[in-house]
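# Understanding the architecture of this molecule
As a plain string of letters, each chain reads:
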Amino acid sequence: AAARLTKLKAGQPVTPSAITPAQHFTRPLPRFTEATLVRALEERGVGRPSTYAPIMQLLQGRGYVAREGRALVPSTIGRVLSAFLTHYFSRYV
């Protein structure tokens, strides 16, 4: 690649040989489903298999998340709680 570069001097104007417009979109990370959340809990050593169902019921029952299809979408109170826990308990979250 270095052989194809031309030597330039300071202040020398550069003319592009080709401009190809391309649009790229980034996508947010996929939302957790119950299965992926349980897998994440297992990987982090949180809870035990007998506690996963009550954890899901608690998250939904207190309104921290809502189900949209299979995805668990955080509610406003869920986002606020997450920010609070991350700020004050960053050592654990």
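Residues numbered from 1 in each chain as written. Predicted model: local features only at pLDDT ≥ 70, side-chain atom pairs only at ≥ 80, totals over all residues. Heavy atoms only, no water.

## Focus: helix 2 (residues 49-61)
In a regular helix each residue adds 1.5 Å, so 13 residues correspond to 18 Å; helix 2 covers 19 Å between its end C-alpha atoms and thus fits that length. Within two residues after helix 2, Gly63 carries a phi angle of roughly 80°, on the positive side. (Helix = DSSP H or I, 4+ residues; strand = E, 2+ residues; numbered from the N terminus. Expected span 1.5 Å × (residues − 1).)

## Some details on the packing of aromatic side chains
One pass over the structure, following the stated rule, counts two aromatic pairs. The interplanar angle of 45° and the centroid separation of 4.9 Å between the aromatic rings of Phe84 and Tyr88 together place this pair among those described as tilted. Highlighted residues: Phe84 and Tyr88, both in helix 3 (residues 76-88), separated by four residues, approximately one helical turn. Judged by relative accessible area, Phe84 falls into the partly exposed class, the value being 42%. Their ring planes at 65° and their centres at 6.5 Å tell us that Phe84 and Phe89 sit as a pair that is edge-to-face. Given the relative accessible area of 38%, Phe89 is considered partly exposed. (Phe/Tyr/Trp six-rings, centres within 6.5 Å; stacked < 30°, edge-to-face > 60°. Buried < 20%, exposed > 50% of the residue type's maximum accessible area, 1.4 Å probe, protein only.)

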